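# Coordinate analysis (summary)
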Amino acid sequence: MRRKDREVTDPQKIADIISRCTCCRIGFNDDGEVYIVPLNFGYAVKDNTYTFYFHGAKEGRKIDLISKNPEVGFEMDTDFAVYTHGRSETACDYTARFQSIIGNGIVSMVSEPEEKKLGLSLLMEHSAGKHDWTFDDKLFNAVAVFKLEVTKLSCKEHL
């Protein structure tokens with residue numbers, strides 16, 4: 001990271017920033033073309049390693065790319081705001097406040113029903129704040145769940 005003064009390395013602070021993000025953008029490599037998909041997510045942390053869970057249709061470009069090339073990049077951010085330290089009308093006197101996470105990982109389909117329920121529950125907990133969910137069997141079987149196991153993560157902020 002070029003701006004070491006903006007790097008966040010404290011695991012608690014990283015966890016706090018992730019907890020406030022609402023969208024994770026996954027970048028797939030599709031034969032040299034980048035395909036970026038914004039997704040809501042849930043997550044689990046074990047030994048400071050993150051696993052992000054997502055859901056969607058069982059078919060489509062994203063699903064095809066998961067099996068074709070599971071190595072992806074991802075990005076999420078929160079608390080973006082433009083501000084100035086004075087009352088200047090010069091564009092160069094403005095800056096942005098933000099917190100962001102970027103990284104790489106391996107994405108795969110979740111087929112085990114218990115992990116699929118876990119992934120959907122974590123997604124709903126992160127999105128809706130509730131953790132005790134039941135699932136309609138028909139809808140549960142109709143949705144695909146996939147996960148991103150993070151291999152590299154960096155966090156940056158400018159406040």
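Quick caveat: nothing in here was measured; it's all calculated off a predicted structure.

So, on to the confidence of the model for the protein. Taken as a whole, the protein shows an average pLDDT of 89; of its residues, 86% reach a score of 70 or greater. Taking the mean pLDDT of every element in the protein, the minimum, 80, falls on strand β1 (residues 7–8) and the maximum, 97, on strand β2 (residues 24–30).

Moving on to the environment of Tyr53. Along the chain, Tyr53 turns up in strand β5 (residues 49–56). Remark: the alpha-carbon pair of Tyr53 and Gly42, spanning 11 residues in sequence, is separated by 5.1 Å. Once residues within four sequence positions are removed from consideration, Tyr53 is found in contact with Asn40, Phe41, Gly42, Val110, Glu115, Leu118, Gly119, Leu122, Leu123, Val145, Phe146 and Lys147. A distance of 2.8 Å separates a polar atom in the side chain of Tyr53 from a polar atom in the side chain of Glu115.

Under the counting rule described, the total for this entry stands at 9 aromatic pairs. With a centroid separation of 6.2 Å and an interplanar angle of 55°, the aromatic rings of Tyr43 and Phe52 are classed as tilted. An angle of 25° between the planes, with centres 5.4 Å apart, marks the rings of Phe54 and Phe146 as stacked. Remark: Phe146 occurs in strand β8 (residues 144–158) and Phe54 occurs in strand β5; sequence separation between them is 92 residues. An identical accessibility class is assigned to Phe54 and Phe146; each is buried. Connected via pairs of aromatic rings, a cluster forms that spans Phe41, Tyr43, Tyr50, Phe52 and Phe74. Lying over the aromatic face of Tyr35, Arg61 brings its terminal NZ or CZ to 4.0 Å of the ring centre. The residue whose ring lies beneath Lys117 is Phe140, and the NZ or CZ to ring-centre distance is 5.6 Å.

Of all 7 residues in β2, 5 are buried, a share of seventy percent or more. As consecutive antiparallel partners, β2 and strand β3 (residues 33–39) are separated by 2 residues, and within that stretch Asp31 has a phi angle of approximately 55°, a positive value.

Looking now at the nonpolar core. Counting 27 residues, the largest nonpolar core has Ile26, Phe52, Phe54 and Met76 as the members making the most contacts within it. Contributing elements (two or more residues each) for this core: α1 (11–20), β2, β3, β5, α2 (61–68), β6 (71–84), β7 (94–110) and β8. Among the elements that make up this core, the one with the highest residue count is β8 (5 residues). Look past the residues within four positions of Phe54 in its chain and what remains in contact with it is Cys24, Ile26, Leu39, Asn40, Phe41, Leu123, Ala144, Val145, Phe146 and Leu148. Ranked by size, the runner-up nonpolar core spans 7 residues in total, among them Val110, Leu120, Val143 and Val145.

Definitions and limits used
- Counting of residues starts from 1 at the beginning of each chain's written sequence and follows it residue by residue.
- Confidence filtering applies because this is a predicted model: local features only for residues at pLDDT of at least 70, side-chain atom pairs given and counted only at 80 or more, and all residues used for totals across whole chains, interfaces and linings.
- The basis for the side-chain values is all heavy atoms of the structure; hydrogens and waters are excluded.
- Each residue carries a pLDDT score, the predictor's own confidence in it, on a scale running from 0 to 100.
- Under the DSSP-based scheme used, a helix requires at least four consecutive residues in state H or I and a strand at least two consecutive residues in state E, with every element numbered from the N terminus.
- The contact criterion used is simple: two residues touch if any of their non-hydrogen atoms lie within 4.5 Å.
- In protein, a polar contact requires one atom able to donate a hydrogen and another able to accept it; more generally it is a pair of N or O atoms within 3.5 Å, and residues adjacent in sequence count only if both atoms are side-chain atoms.
- The aromatic pairing rule takes the rings of Phe, Tyr and Trp, using the six-membered ring of Trp, and pairs them if the centres are within 6.5 Å, calling planes under 30 degrees apart stacked, those over 60 edge-to-face and the rest tilted.
- Buried, partly exposed and exposed residues are distinguished by accessible area as a fraction of the type maximum, computed with a 1.4 Å probe on protein chains only: under 20%, between the cut-offs, and over 50%, respectively.
- Cation placement over rings: the criterion is NZ of Lys or CZ of Arg within 6 Å of the ring centroid and within 35° of the ring normal.
- If DSSP finds at least two bridges between two strands, the strands pair.
- Nonpolar cores were defined as sets of buried Ala, Val, Leu, Ile, Met, Phe, Trp, Tyr and Cys residues, with membership established by side-chain atoms within 4.5 Å.

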